[in-house]
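Residues per chain are reported as follows:
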Amino acid sequence: MFSALARWLYKVAGWKLLGVVPDLPKAIWVLAPHNTNWDFPVGVGARATTRVWIQYLAKKELFTWYAGWFFRLLGGKPVNRSRANNLVDAIVDVFIQNEYLHICIPPEGTRSDVERLKTGFYYIALKADVPIILTGIDYPRKAVVLSEPLYMTGDYQKDMRPVYEFFSQIQGKKKEWLKRYEQTGLIS
């Protein structure tokens, strides 16, 4: 019921999904740019449109006593960003233990400008041997754009080039990590 409503609202608001939704049992959906609180409802609508149950990681501060139930209902998993807690290995174990699992991770880790991406999504995909699906929120076109599944090889620079190239094609506000790549071709 909720998914049908989310799909309908997404469409009525003029949004569309561009790209092919892969038929995979496991994947990490790498979502960027993450610039505004509107990313959440747009993402929920896009997820409903894919018809894939994609869970997501979010800062633990969202999971308060009064709102935590809502974010959990929508597939949210709280993350404590203030301490190192070996989150990569914990998520890898969850991927290994499940036959079907899709998780969305915003690699910027924040709506604020960042100079470099966090690398957790990369190491989770590599260690769990699951593909990543690049997911770009293109506000000027009112589109969520999907890439083909990408498998990581362990060569960080080589593996990240298609990631940077994909997000360079997404229109709208660009953060420092992407501006630097577009100007220099360097991946940090």
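Before any of the text, the structure's been laid out above.
Residues numbered from 1 in each chain as written. Predicted model: local features only at pLDDT ≥ 70, side-chain atom pairs only at ≥ 80, totals over all residues. Heavy atoms only, no water.

A. The arrangement of the nonpolar core in detail. Ranked by internal contacts, the top residues of the largest apolar core, which has 35 residues, are I28, F95, F121, I132, M160, Y164 and F167. With six residues, the single largest contributor to this core is helix α6 (residues 156-168). Here F167 is in contact with V30, A32, L134, T135, G136, K174, W177 and L178, once residues within four sequence places are set aside. Of all hydrophobic cores here, the second largest spans 24 residues; its members include A48, F63, A67 and L146. (Core = buried A, V, L, I, M, F, W, Y, C linked by side-chain atoms within 4.5 Å. Buried < 20%, exposed > 50% of the residue type's maximum accessible area, 1.4 Å probe, protein only. Helix = DSSP H or I, 4+ residues; strand = E, 2+ residues; numbered from the N terminus. Contact = heavy atoms within 4.5 Å.)

B. Just the sheet that holds strand β4 (residues 76-79), in detail. Taken in spatial order, the seven strands line up as β1-β7-β6-β2-β5-β3-β4 in an open sheet, and their pairing is mixed. At either margin of the open sheet sits one strand with a lone partner, and together these are β1 (16-18) and β4. Taken over all neighbouring pairs, the strand axes of this sheet differ in orientation by 25° on average, direction set aside. Two strands pair when backbone bridges link them, and β1 and strand β7 (residues 143-146) are joined in this way by three bridges, in the parallel orientation. In the strand pairing of β7, K16 is matched with A143. The sheet strands contacting α6 are β2 (26-32), β6 (132-138) and β7, and the helix crosses β6 at an angle near 20°. (Pairing = 2+ DSSP bridges. Axes fitted to C-alpha atoms, helices over the stretch in contact; angles between N-to-C directions.)

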